[in-house]
Amino acid sequence: MGAGASSMMGPEGYGRGRSQTSLGDMPESCVALVLLYLDPQEICLVARLNRAFRGAASADCVWAAKLPANYRYLAALAAAADDECGCDESTEGNGRCCSSAAIKKEIYARLCRPTPFHGGTKEFWIEKNSGGLCLSISSKAMAITCIDDRRYWSLLPTEESRFHSVSYLQQIWWLEVVGEIDFCFPAGSYSLFFRLHLGLPRKRMGRRVSGSELIHGWDIKPTQFQLSTSDDQHSTSERYLERPGTWILYHVGDFVVSSSDELTKLKFSMMQIDCTHTKGGLCVDSVFIYPKDHQHEKERIICK
Amino acid sequence: MAAEKGEKGAAAKEVAGERMVTLESSDGEEFHMSEAAAQLSTLLRHVIEGGGIDNGIPLPKVAARTLEKVIMYCEKHAKAAAKSDSDPSAAAGSSSDNTAAASEDLEKWDRKLVNGLSQDALFDLIVAADYLVIDGLLDATCRKVADMMKGKTPDEIRKIFNILNDFTKEEEEEMRREYAWAFDD
């Protein structure tokens, strides 16, 4: 019978019987099957192995498995945001917008970059390696009691916020910060945090310092955090704000989304309204929403 | 393609009360497999249902040593499925421990099967499982290859799998830019 020799590197080179099959010879479709078991960064790494891998690494079937369930909704928001800001950067791979012609890999890459919405007061992105949806809502999008009163609150520009400014509280009796968001979350569990900083972050002579003179009132009574969803999930926690000079993510609570196609309405708040004492020296940056199992690298978390 | 079988008779014959099918590998070897096991392959299932198997099913894309492993896998999984179907306590819903343990044992068996293969045997098995459409086998084999790649640099992977880098320098540079998004922070 004797199998005829076929090209060692041909994409259809299999079933040759005697000669050795190597990974480099497998049809692209089979390589794509292997890639399904790798995570996105690993896929991007093996794309560089050879041409067959490069091809397989761009296959829609590979990235379809990585995209969040409601990626079409997210891609449409990204495309709208890109149109609005006139983005047509031709930065390879990740500049192209989520037009209907974009392949799924490009959609994934684009969604990894933050997409601003609601006038830049909110952002969403997906975690590079898990495809999990993350959101951040600036204090600028929240209702803060007496925000316009310069005796109490001011807007502090800072590069330590992804929104380039935070709300700074000098002193107040009644602290109430309320926010809400309507969004389609891929089904799953999520955690919500307030990102806060005691003291004014400053840079002096190139080094970061924090002014602690005005911090007061946080150790008298705890601050109350609340979260509720349109489908009646509720979470509350109370913490004494602590660790001046560092950004802390205070964990408010968790919620579960069961359908990727339904709008979830969230309401969240932080309050300290005990009027027997004033409190101040606080930066309120934003609220973050992460998938429940998200690995937090840089910042400190105060858990419930 | 089908050789004279003589007294071997129809391929779909009974052996110990079980219907068998005959398969012929690309290098002319004959194998027998229970029909229950053959059902795990969507391709074979369709061929059997189509009825054209009297003289055996030729598989010109699958070599003997690979077909042997395919049959091992399918027979093992068909037996395990039959066992859990006929387990009276499964119907009563009280043996979730048993089913979990049985499932774990099967997974261990799968891992042992793929771990015992040389690289080229493994790739041949992937290609065969893809061609024969045997989902579980494809899953076990592809997962194994993926595990061998995890945590390694492209150069290390090339060494392990003997892959030729057929990119030009320009293409490599292009690739770096194309995938920069995955590694920037």
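K.L.:
Explain the environment of D120(B) to me, please; I cannot follow it from the model alone.
P.N.:
Residues and elements named next belong to chain B. Take D120: it is sitting in helix α6 (residues 119-132). Take D120: its relative accessible area is 10%, and that puts it in the buried class. On a C-alpha basis, the gap between D120 and F161 in space is 9.3 Å, while along the polypeptide they are 41 residues apart.

K.L.:
Looking at this structure, I do not really get the interface of chain B and chain A. What am I missing?
P.N.:
Much of the literature gives interface size as the accessible area that the parts lose upon coming together. Counting from both sides, the interface comprises 44 residues of chain B and, opposite them, 42 residues of chain A. Both sides together, the interface formed by chain B and chain A hides about 4,000 Å², and carbon and sulfur atoms give 64% of it. Of all residues in chain B, V127(B), Y179(B) and W181(B) bury the most surface against chain A, accounting for 18% of the area lost on that side. Remark: the boundary between chain B and chain A carries five salt bridges. Salt-bridge contacts for E178(B) lead to R54(A); the nearest nitrogen and oxygen are separated by 3.0 Å. Across the chain B-chain A interface, the total number found is eleven residue pairs in polar contact (both at pLDDT 80 or more). When residues of the side of chain B that touches chain A are traced back to their parent elements, those giving at least two are α6, α7 (135-149), α8 (154-161), α9 (169-178) and α10 (180-183) of chain B. At seven residues, the largest contribution of residues to the side of chain B that touches chain A is made by α7(B).

K.L.:
Would you mind showing me how to read the sheet that holds strand β7 (residues 175-184) of chain A here?
P.N.:
Residues and elements named next belong to chain A. Taken in spatial order, the five strands make up an open sheet running β4-β7-β14-β11-β12, and their pairing is antiparallel. Across the chains shown, the open sheet's two edge strands, defined by having one partner strand only, are β4 (143-144) and β12 (234-239). Sheet analysis places strand β11 (residues 223-229) next to β12, joined by six bridges and oriented antiparallel. Bridge assignment links F225 to a residue of β12, and that residue is S237.

K.L.:
Explain the pattern of salt bridges here, please?
P.N.:
Between side chains of opposite charge, a pair can form as their charged atoms come close. Tallied over the entire structure, the rule returns 21 salt bridges over all chains. Close ionic contact of R54(A) with E174(B) constitutes a salt bridge, the shortest N to O distance being 3.2 Å. Of the two residues, R54(A) sits in helix α3 (residues 51-57) while E174(B) sits in helix α9, which places them in two different chains. Here E35(B) makes a salt bridge to R19(B), at a shortest N to O gap of 3.0 Å. Taken together, the residues span a long stretch of sequence, with E35(B) in helix α1 (residues 35-38) and R19(B) in strand β2 (residues 18-24) at a distance of 16 residues. For R19(B), a relative accessible area of 40% gives the class partly exposed. Linked through salt bridges whose partners overlap, the residues forming this network are R54(A), K105(A), E174(B) and E178(B).

What counts, and where the lines are drawn
- Residues numbered from 1 in each chain as written.
- Chains lettered and ligands numbered in written order.
- Predicted model: local features only at pLDDT ≥ 70, side-chain atom pairs only at ≥ 80, totals over all residues.
- Heavy atoms only, no water.
- Helix = DSSP H or I, 4+ residues; strand = E, 2+ residues; numbered from the N terminus.
- Buried < 20%, exposed > 50% of the residue type's maximum accessible area, 1.4 Å probe, protein only.
- Contact = heavy atoms within 4.5 Å.
- Buried area = accessible area lost by both parts, 1.4 Å probe.
- Salt bridge = Lys/Arg side-chain N within 4 Å of Asp/Glu carboxyl O.
- Polar contact = N/O pair within 3.5 Å; in protein donor to acceptor, adjacent residues only side chain to side chain.
- Pairing = 2+ DSSP bridges.

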